Amino acid sequence: MGPSVQETLALVYRLQTIDNELAQITGEIETSRSGLREKEEELSGLSARIDSERKDLQALAREKKDKEEELRTNEHIISENKKKNKELRNSREIQAYMAEMEFRRDEVERLQDEILRLMEAMEVLEKTLDGRTAEIDTRRQALDSARSAQTGLEREKEEAIAALEAEKASLMSSFPENILSQYQRLKISHKNGLVVSRIQEGTCSACRMVLPPRTMTEVKRRQKIIPCLHCQRWLYLE
Ligand SMILES: [Zn+2]
C-alpha cells in the first residue's frame, strides 16, 4: 500500500518548502556576490582614475621643466645682450637690439605666467590625488572586510544548503514517482514555484481566495488531491 493522500501532500509540501528555502539561500548568495563584484569594479575604476591622473601630473611636470628651460634660455640671452649694449654702432643696430630685447622680455613674461599656471594646475591635481589615495585605502579596507564577510556567509549558507539537500534526498527516496514528476512539472508553471497551498482558516494561502464549503468537505475526506478552484494548487490541510 502506498502513502495516503495526506502523507503525499505533507511530503510534497515539505519538498516545496525545501526547494523554496534552497532558492532563497542561493538568491541571497548571488545578491551578496554581485554586491562584492560592484565594490571590486568601483575600486578598479578608482585605481584607473588615479593612474591616469598621475600620468597627467607627470605630463604637467615635464611641461613645467621645458618652460623653465626656455625661460632660462631667454634670461641668458637678455643678460648676454646687455653686455653687447655698448657695442651698438648705429640706429639700425639699436632698433634691432630694442626689438630683440622687447621680444625676449615678452617671452620671459609669457613663460613665467605659463609656469605659474602649470604650478597651480599641479597643485590642484596633487590635492585631488591625495584625496583619491585616502579614498582608495578606505575602499580597499571595506572590500577586504566585505570579502571575509562573504566567505563567512557562504560557509554558513553552504552548511544550510547541505542540510536541506540531505533532507531533500531522503524525502525523494520515499516519494511516489508519478507525484514527483507532476510536482516538478507544476513547479515550473505555477508562480513562485508553489505547487501545494496550505489551507488557513478556510482560505487558500497561495491565492487568498475563500474556499467553498464543498471543497473543504472534499479536502477533509482525504481521498484524493483536491486543487484550489482559483489557482489550481493542491490544497493541503495540516
Ligand atoms: Zn488558490
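This is a predicted model, so every value here is computed, not measured. In this convention, every chain numbers its residues from 1, walking through the sequence in written order. Local features in this predicted model are restricted to residues of pLDDT 70 or higher, and side-chain atom pairs are both shown and tallied only at a pLDDT of 80 or more, whereas totals for entire chains, interfaces and linings draw on every residue. To get the side-chain values, all heavy atoms of the structure are used, and hydrogens and water are removed first.

## Details of the sheet that holds strand β3 (residues 234-236)
Line of reasoning, step 1. When DSSP finds two or more bridges between two strands, those strands count as paired. We count a stretch as a helix when DSSP gives it H or I for four or more residues in a row; a strand needs E for two or more, and each element gets its number in order from the N terminus. Strand order in the open sheet made by the three strands is β2-β1-β3, with mixed pairing throughout. If you trace the sheet from one side to the other, it starts and ends with β2 (203-204) and β3, each paired once.
Line of reasoning, step 2. Pairing between strand β1 (residues 196-200) and β3: three bridges, direction parallel. Following the sheet pairing, Val 196 is matched in β3 by Trp 234.
Line of reasoning, step 3. Working rule for contacts: check all heavy atoms of both residues, and any pair within 4.5 Å makes them a contact. Here an angle of 0 to 180 degrees is reported between the N-to-C directions of two axes, which are lines fitted to C-alpha atoms, with helices fitted over the stretch in contact. Sitting on the sheet, helix α1 (residues 5-84) touches β1 and β3, and the angle it makes with β3 is about 100 degrees.

## Description of the coordination of the zinc ion
Line of reasoning, step 1. Metal sites are built from N, O and S donor atoms within 2.8 Å, or 3.2 Å for Na, K and Ca, and they leave out water, so they may look incomplete. Within the protein, the atoms that donate to the zinc ion are Cys 204 (SG), Cys 207 (SG), Cys 228 (SG) and Cys 231 (SG), at distances of 2.3 to 2.4 Å.
Line of reasoning, step 2. With four donor atoms in place around the zinc ion and angles of 102 to 116 degrees between them, the coordination shape is tetrahedral.
Line of reasoning, step 3. Taken in chain order, the donor set of the zinc ion reads C-x2-C-x20-C-x2-C. Here the residue Cys 207 occupies a position in the loop between β2 and α4 (213-221), and Cys 228 occupies one in the loop between α4 and β3, the gap between them amounting to 21 residues.
Line of reasoning, step 4. The partly exposed category is assigned to Cys 207, whose relative accessible area is 23%.
Line of reasoning, step 5. Relative accessible area decides the class of each residue, using a 1.4 Å probe on protein chains only: under 20% of the type maximum gives buried, over 50% gives exposed, and in between gives partly exposed. Under the relative-accessibility criterion, Cys 228 is labelled buried at 0%. The rule is simple: four donors are tetrahedral if all their angles sit between 85 and 135 degrees, four are square planar and six octahedral if opposite donors span more than 155 degrees and the others lie between 65 and 115, and anything that fits none of that is irregular.

## Notes on the UniProt feature "coiled-coil region" (unreviewed entry) in the chain
Line of reasoning, step 1. UniProt positions are given in the numbering used here, feature names are shortened, and annotations may be inferred rather than shown by experiment. Here, the residues flagged by UniProt with the feature "coiled-coil region" (unreviewed entry) are residues 36-128.
Line of reasoning, step 2. Split by type, residues 36-128 is 94% helix and 0% strand. Its first and last C-alpha atoms lie 26 Å apart.

## Brief notes about a negative patch on the surface
Line of reasoning, step 1. Put simply, a patch holds well-exposed residues, over 30% relative accessible area, that have no salt bridge, with like charges counted together within 9 Å and Val, Leu, Ile, Met, Phe, Trp or Tyr side chains within 5 Å. For every accessible area listed, the method is Shrake-Rupley and the probe measures 1.4 Å; residues are considered covered only by the protein chains on display. One speaks of a salt bridge when a side-chain nitrogen belonging to Lys or Arg is within 4 Å of a carboxyl oxygen belonging to Asp or Glu. Under the convention used here, Asp and Glu are negative, Lys and Arg are positive, and both His and the chain ends fall outside the count. Throughout, a charge is located at the NZ atom of Lys, the CZ atom of Arg, the CG atom of Asp or the CD atom of Glu. A cluster of acidic residues, Glu 102, Asp 106, Glu 109 and Asp 113, forms a negative patch at the surface.
Line of reasoning, step 2. Looking at where Glu 102 falls in the secondary structure, it is placed in helix α2 (residues 91-173).

## A word on the pairing of β1
Line of reasoning, step 1. Alignment of β1 against β2, held across two bridges, turns out to be antiparallel. Each residue of the ladder has a partner; that of Gln 200, found in β2, is Thr 203.
Line of reasoning, step 2. Counted along the chain from β1 to the antiparallel partner β2, the turn is two residues long, and its residue Glu 201 has a positive phi close to 50 degrees.

## Let's talk about the packing of α1 against helix α3 (residues 177-189)
Line of reasoning, step 1. Look at α1 against α3: their axes get within 11 Å of each other, and the N-to-C directions meet at 40 degrees. When the axes of α1 and α3 are compared, the pair comes out oblique. Pair α1 / α3 crosses with right-handed handedness. Contacts between α1 and α3 involve Thr 8, Val 12, Leu 15, Gln 16 and Asp 19 on the former and, on the latter, Ile 179, Leu 180, Tyr 183 and Lys 187. Angular relationships are summarised with four words: roughly parallel below 35 degrees, roughly antiparallel beyond 145, roughly perpendicular across 65 to 115, and oblique for the angles in between. Here a crossing is taken to be left-handed if its near helix is turned anticlockwise relative to the far helix by less than a right angle, and right-handed if that turn runs clockwise.

## Section: the environment of Ile 77
Line of reasoning, step 1. Checked against the element boundaries, Ile 77 lands in helix α1.
Line of reasoning, step 2. Take Ile 77: its relative accessible area is 22%, and that puts it in the partly exposed class.
Line of reasoning, step 3. In the structure, Ile 77 is positioned 107 residues away from Gln 184 in sequence and 92 Å away in space, judged by C-alpha atoms.
Line of reasoning, step 4. Sequence-distant contacts of Ile 77, that is, excluding residues within four places in its chain, are made with Glu 100 and Arg 104.

## Concerning the nonpolar core
Line of reasoning, step 1. Counting 20 residues, the largest nonpolar core has Leu 9, Val 12, Leu 15, Phe 175, Val 195, Val 196 and Trp 234 as the members making the most contacts within it.
Line of reasoning, step 2. Listed by contribution, the elements that provide at least two residues to this core are α1, α2, α3 and β3.
Line of reasoning, step 3. A per-element tally of this core places α1 first, with nine residues.
Line of reasoning, step 4. Apart from the residues lying within four places of it in its own chain, the contact partners of Val 12 are Phe 175, Ile 179, Tyr 183, Val 196 and Trp 234.
Line of reasoning, step 5. Here, nonpolar core means buried Ala, Val, Leu, Ile, Met, Phe, Trp, Tyr and Cys residues that are tied together by side-chain atoms lying within 4.5 Å of each other. In this structure, Leu 129, Ile 136, Leu 143 and Ala 146 belong to the second largest nonpolar core, which totals 13 residues.

## Here's the deal with α4
Line of reasoning, step 1. Within α4 the residues assigned to the buried category are Thr 215, Met 216 and Val 219. Seen end-on, α4 carries its buried residues on one side only, within an arc spanning 100 degrees. Of the residues in α4, the exposed ones pointing more than 90 degrees away from the buried face are Pro 213, Arg 214 and Arg 221.
Line of reasoning, step 2. One or two positions beyond α4, positive phi appears at Arg 222, with a value near 55 degrees. The arc in question is the one traced by the directions running from the helix axis out to the C-beta atoms.

## Quick look at the pattern of salt bridges
Line of reasoning, step 1. In total, this model carries 23 salt bridges according to the counting rule given.
Line of reasoning, step 2. Close ionic contact of Lys 67 with Glu 114 constitutes a salt bridge, the shortest N to O distance being 2.9 Å. Linking Lys 67 in helix α1 with Glu 114 in helix α2, this pair joins segments that are 47 residues apart in sequence. Accessibility classification places Lys 67 together with Glu 114 in one group, the buried group.

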